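Summary of structural features
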Amino acid sequence: MKQKVQIGLCGLGTVGSGVVQILQDHQEQIRYKLGCEVEVAKVLVKNKEKKREYIKDDSILTTEAADITDNPEIDIVVEVMGGMEDTYQLLERSIRNRKHIVTANKDLMAEQGEKLFALSQEYDTDIYYEASVAGGIPILRSLSDGLASDKIEKVMGIVNGTTNFILTKMTDENLSFETVLKEAQELGFAEADPTSDVEGLDAARKMTLLANLAFKMPVAYSDVQVAGITSISKEDIEFAGKLGYIVKLIGIAAIDEGKVEVSVEPTLLPEAHPLAQVKNEFNAVYVYGHAVGETMFYGPGAGGLPTATAVVSDLMEVIKNIRLGVSGKAYVQPQYKTALKDNTEKHAKYFIRVEAEDQTGAFHAVTNVFAGQNVSFAKILQLPHSKSKTAEVVMVTHKHSKQQIENSIQQLEQLSVVKRVISCYRVDGED
């Protein structure tokens, strides 16, 4: 039985440095739990000359991937450097050399994960990827282990800290999207190019991984319906508040009668809903199980040490498997073939804002459009503009199909009394 497990670490940025720090600071606890030593044998970096706080021996640094992938002494490759094509090649070669993989790479796992899993089965190796979804929140292990006996019906959550920070500031301080985005960039919560976050792409990749695991069904990243937060205005948030809602970017994965829908979109939640109270850069995932009911997992969705904690926990799980002789047995093949709902099968409530002429018959014309699609309303506000001859009609529908709502919007846009359809967002979290 191995007395020392050697690690090849790819990437030494914020998360990679956190991994090294945790392995050093918690080494006695880790050794006690595992019954063996864990040593970082090689670290792949771009610049060997840069000073590294937690690296005591510079000789373990390398700029050559082969020093890790082809090193027979290395048992596990920990990948926290990001990237796609080159990173895939690195992990593929590592698996072919019978090395186990721990990764925090959501992009790679969402788009290439199935190929890597198939390869790992061929070579009896493990792939763990907890840190790729919600930083320090152990949601993947909760789904695969803690809730393994239950039938998961729905997973919804805030899985992107940048957008949650922006929407929190917009809501609490009545600020515009542009103003808060600039502040988020200055504070380091948003990248210089924030597209992946604010357009919902980052969250969509995470929801892909959650849907695959929750429903035991292959769901591709391209199957996710995605809408970002760039169109959300102060007025949207204000009207939502008047109706008792808070606006969040919510990822939703739900299964009904064997068919799945996965989306990431601005969503109105009742003020009392637990997810509505998740603020700033924090993440939370709400899970609906047939037996357990509703559970919520909350915590930091990013950051060096929280994410590194998930990475090291995965690392310890891989080592336990090595010592027990059960490597390569953790992955479970999808149980069901992909079955996706179409728009006639996706049902939700919707918040809709329309600017119309403030004249006799305009409101009737607007409501007639919805009546023609058999769409009914739970709430309606009509507010005249003080500086123009138009009025805003704000509506929350009952639960209807996405197709009915899309048909209604298309017909509204053709009405002469309608100046514009300002916004249309999903409403969730209530009966």
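Residues numbered from 1 in each chain as written. Predicted model: local features only at pLDDT ≥ 70, side-chain atom pairs only at ≥ 80, totals over all residues. Heavy atoms only, no water.

Under an unreviewed UniProt entry, the name given to the protein chain is Homoserine dehydrogenase, and the source organism is Terribacillus saccharophilus. Recorded in UniProt for the protein chain, the comment headed Cofactor (unreviewed entry) runs: "a metal cation". Of the comments in the UniProt record for the protein chain, the one headed Catalytic activity (unreviewed entry) reads "L-homoserine + NADP(+) = L-aspartate 4-semialdehyde + NADPH + H(+)". (UniProt positions renumbered as here; feature names shortened; annotations may be inferred.)

1. Here's the deal with the overall build of the protein chain
Per the secondary structure count, the protein chain includes 15 helices and 17 strands. By its C-alpha atoms, the protein chain is 80 × 45 × 35 Å across when sized along the principal axes. Residues counted as buried form 53% of the 431 residues belonging to the protein chain. Looking at the protein chain alone, contacts between residues at least 24 apart form 74% of all its contacts between residues at least 6 apart. Side chains of the protein chain carry 46 positive and 61 negative charges; the gap between the two charge centres is 1 Å. (Helix = DSSP H or I, 4+ residues; strand = E, 2+ residues; numbered from the N terminus. Buried < 20%, exposed > 50% of the residue type's maximum accessible area, 1.4 Å probe, protein only. Contact = heavy atoms within 4.5 Å. Lys, Arg positive; Asp, Glu negative; His and termini not counted. Charge placed at Lys NZ, Arg CZ, Asp CG, Glu CD.)

2. Notes on the packing of aromatic side chains
Applying the stated criterion across every chain yields a total of seven aromatic pairs. Measuring from centroid to centroid gives 5.0 Å for Phe370 and Phe377, while their planes differ by 75°, and the two rings are edge-to-face. Phe370 sits in the buried class, given a relative accessible area of 0%. Put simply, the rings of Phe117, Tyr129 and Tyr331 pair up and form one aromatic cluster. The aromatic ring of Tyr288 is capped on one face by Lys154, whose charged end is 5.3 Å from the ring centroid. (Phe/Tyr/Trp six-rings, centres within 6.5 Å; stacked < 30°, edge-to-face > 60°. Lys NZ or Arg CZ within 6 Å of the ring centre and 35° of its normal.)

3. What to know about the nonpolar core
Counting 75 residues, the largest nonpolar core has Ile139, Ile166 and Phe351 as the members making the most contacts within it. Of all the elements, helix H11 (residues 201-215) adds the most residues to this core, at eight residues. Ignoring any residue separated from it by four or fewer positions in sequence, one finds Phe351 in contact with Asp236, Phe239, Ala240, Leu243, Leu268, Val394, Met395, Val396, Ser423, Cys424, Tyr425 and Val427. Membership of the second largest hydrophobic core comes to 33 residues, among which are Val19, Val102, Ala131 and Ile319. (Core = buried A, V, L, I, M, F, W, Y, C linked by side-chain atoms within 4.5 Å.)

4. Things to note about the sheet that holds strand E5 (residues 100-103)
Overall, parallel pairing links the six strands, which are arranged E3-E2-E1-E4-E5-E6 in an open sheet. Looking at the sheet topology across the chains shown, the edges are occupied by strand E3 (61-62) and strand E6 (127-128). Note: E5 against E6, two bridges, orientation parallel. Counted as the bridge partner of Val102 is Tyr128 from E6. (Pairing = 2+ DSSP bridges.)

5. A look at the state of the cysteines
Scanning the entire structure with this criterion turns up zero disulfides. Take Cys36: it sits in no disulfide, and the sulfur closest to it among the cysteines is that of Cys10, at 20 Å. Among the residues examined, Cys36 registers a relative accessible area of 2% and is labelled buried. (Disulfide = S-S within 2.5 Å.)

6. A word on the pattern of salt bridges
For the structure shown, the criterion picks out 25 salt bridges. Between Asp107 and Arg205 there is a salt bridge whose closest N-O contact spans 3.4 Å. Taken as a pair, Asp107 in helix H5 (residues 106-122) and Arg205 in helix H11 lie far apart in primary sequence, 98 residues in all. You can call Arg205 buried: its relative accessible area is 13%. Across the salt bridge formed by Lys206 and Asp202, the nearest N and O atoms sit 3.0 Å from each other. Of this pair, Lys206 and Asp202 both sit in helix H11, four residues apart, which is roughly one turn of that helix. Of the residues examined, Asp202 reaches a relative accessible area of 5% and is grouped as buried. Connected through salt bridges with shared partners, the residues Lys154, Glu261, Glu265, Lys341, Arg426 and Asp428 form a single ionic network. (Salt bridge = Lys/Arg side-chain N within 4 Å of Asp/Glu carboxyl O.)

7. Describing the UniProt feature "binding site: NADP(+)" (unreviewed entry) in the protein chain
Here, UniProt's "binding site: NADP(+)" (unreviewed entry) annotation points to Cys10, Gly11, Leu12, Gly13, Thr14, Val15, Gly16 and Ser17. Looking at where Leu12 falls in the secondary structure, it is placed in the loop between strand E1 (4-10) and helix H1 (14-25). Dropping the residues within four chain positions of it, Leu12 is found in contact with Ser17, Val20, Val43, Leu44, Val45, Arg52, Ile55 and Leu61. Its location among the elements puts Ser17 in helix H1. With relative accessibility at 27%, the residue Ser17 sits in the partly exposed group.

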